Amino acid sequence: MTHNLILRVVSKALIPPIIIFALYVQFHGDFGPGGGFQAGVILSAALILYALVFGLDAAEQAIPPTVLRILASLGVLIYAGVGIVTLFLGGNYLEYSVLGSTQVAGQHLGILLVELGVGITVFAVMLIIFFTFADRGRP
Amino acid sequence: MIDVFINITLLAFLAITAVAIVRMTNLFAIIMLFGIFSFLSASLFVVMDAVDVAFTEAAVGAGISTVLMIATMVLIKTQDEKRPAGHKPWLPLAVVIVTGAALIYGTLDIPAFGDANAPAQKHVAPHYLEKSIAETGVPNVVTSVLASYRGFDTLGEVFVVFTAGIAVLILIGGRRPKSIPNNKGRDENDA
């Protein structure tokens, strides 16, 4: 597919809006439909499109597999870490209210961080699975 | 009224797609039909006002799963499903019909869709709907339930996704077996 000019041009134009949309879904999930899960999938879809059109090597150069493995663990760490922090601040595990000065502020920060963790892990794992399958299928 | 019409149309398309998937043998066409099936399900979720679920179904079911299934099809290097010779469909058909009849019988007793007096709406749902803004300040109740009230469940889900990634890496990731020829010089840089 690497020589298909139309696909290359169209996907180059599409990938930045897809990434922006993923960030919108990630950080606007409190107000509209969406959240970390969907944002992670959309963001990984942008890179999968890149890999399909420009080749696996270019995509692995853009985001190396080692980085993906670290990101996958980092997301889980952020989520579980928020729980540990609330424990140290005197609350129950994942009781976000103790994170801020008021209950609503704490909840807001907690939900934001937790959704970020979900998004990072989902993004990284989807790409790990795709890269692993695609790498295995190379001639 | 229009909802009923849309529901019947979508469910009819869903059934047609399912029958087509069962009858086809070309894997590529089947994967495309799976994508269509997911999009139809997503449309049904939108009609039922579950936009968050519809969003996930469209992104995961129709998007990522389709790509991963095509990647798998490339791996197994075949496009046609081979039917085992002498396969008699009567026993599986009977099992499916009995199970389907039992499920339809089961639906006779469950509350109508959107029934405000259903047990599912009586337990903690009223608390979430009434107190979500005051307690979390998040207008989208789905997000506040998912990330705050049911934070433990979501943590578990993230671990499930993480475990899936690790499982794929362990099973088919990493170094290729030496017996496969034509991988000159690739083993050094993808360890």
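Position numbers for residues start from 1 in each chain and track the written sequence from start to end. All chains are assigned letters beginning with A, and all ligands numbers beginning with 1, in the order in which they are written. In view of the model being predicted, local features appear only for residues whose pLDDT reaches at least 70, and side-chain atom pairs are presented and counted only at 80 or more, with totals across whole chains, interfaces and linings using the full set of residues.

1. Description of the overall build of chain B
Secondary structure elements follow DSSP: runs of H or I of four or more residues count as helices, runs of E of two or more count as strands, with numbering from the N terminus. In terms of regular secondary structure, chain B is built from eight helices and zero strands. Reading the helices (α) and strands (β) of chain B from amino to carboxyl end gives α-α-α-α-α-α-α-α. Computation of the radius of gyration draws on C-alpha atoms alone. For the globule rule, the value is 2.2 Å times the number of residues to the power 0.38. Relative to a compact globule of 191 residues, whose C-alpha radius of gyration would be 16 Å, chain B shows 23 Å and is clearly more extended. Across the 191 residues that make up chain B, the buried fraction comes to 17%. It is the C-beta atoms, placed from the backbone, that decide contacts: two residues are in contact if theirs lie within 7 Å. Counting contacts in chain B only where the partners sit at least 6 residues apart, residues at least 24 apart contribute 38% of the total. Residues are called buried when their C-beta atom has 20 or more other C-beta atoms within 10 Å, exposed when it has 12 or fewer, and partly exposed otherwise; all C-beta atoms are positioned from the backbone.

2. Some points on the overall build of chain A
If you tally the helices and strands in chain A, you get five helices and zero strands. Reading chain A from its N end, one meets helices and strands in the order α-α-α-α-α. Counting over 139 residues, chain A shows a buried share of 43%. A separation of at least 24 residues holds for 61% of the contacts in chain A among residues at least 6 apart in sequence.

3. Quick word on the interface of chain A and chain B
With 44 residues of chain A at the interface, the matching set in chain B holds 39 residues. Of all elements in the fold, only α2 (36-54), α4 (65-88) and α5 (103-136) of chain A reach the threshold of two or more residues within the side of chain A that touches chain B. Looking at which element gives the most residues to the side of chain A that touches chain B, the answer is α5(A), with 21 residues. Of the residues in the side of chain A that touches chain B, the class split is 26 nonpolar, 15 polar and three charged. Gly is put with the polar residues, along with every residue not named as nonpolar or charged; the nonpolar set is Ala, Val, Leu, Ile, Met, Phe, Trp, Tyr, Cys and Pro, and the charged set is Asp, Glu, Lys and Arg.

4. Focus on the domain arrangement of chain B
Either an automatic procedure or a domain database provided the assignment from which the domain bounds are taken. Here the domain parsing of chain B yields domain 1 (1-81) and domain 2 (117-177). Relative placement of domain 1 of chain B and domain 2 of chain B: their C-alpha centres are 24 Å apart.

5. Topic: the packing of α5(A) against helix α8 (residues 151-172) of chain B
Between N-to-C directions, angles cover 0 to 180 degrees, with each direction set by a line fitted to C-alpha atoms, over the stretch in contact for helices. Look at α5(A) against α8(B): their axes get within 9 Å of each other, and the N-to-C directions meet at 20 degrees. The orientation of α5(A) with respect to α8(B), classified from their angle, is roughly parallel. Between α5(A) and α8(B) the crossing geometry is left-handed. Residues V114(A), G117(A), V118(A), T121(A), V122(A), V125(A), I128(A), I129(A), T132(A) and R136(A) of α5(A) form the contact with α8(B), whose own contacting residues are G151(B), T154(B), V158(B), V161(B), F162(B), A164(B), G165(B), V168(B), L169(B) and I172(B). By residue class, the composition of the contact of α5(A) with α8(B) is 13 nonpolar, six polar and one charged. Relative orientations are named as follows: roughly parallel for angles under 35 degrees, roughly antiparallel for angles over 145 degrees, roughly perpendicular for angles from 65 to 115 degrees, and oblique for any other angle. Whether a crossing is left-handed or right-handed is set by the direction in which the near helix is turned from the far one by less than a right angle, anticlockwise for left-handed and clockwise for right-handed.

6. Points about helix α7 (residues 141-149) of chain B
Side chains of residues three or four places apart in an α-helix project in the same direction, reflecting 3.6 residues per turn. Among the residues of α7(B), those classed as buried are T143(B), S144(B), V145(B), L146(B), A147(B) and S148(B). In the core, the buried residues of α7(B) are packed alongside α5 of chain A together with α6 (125-136) and α8 of chain B.

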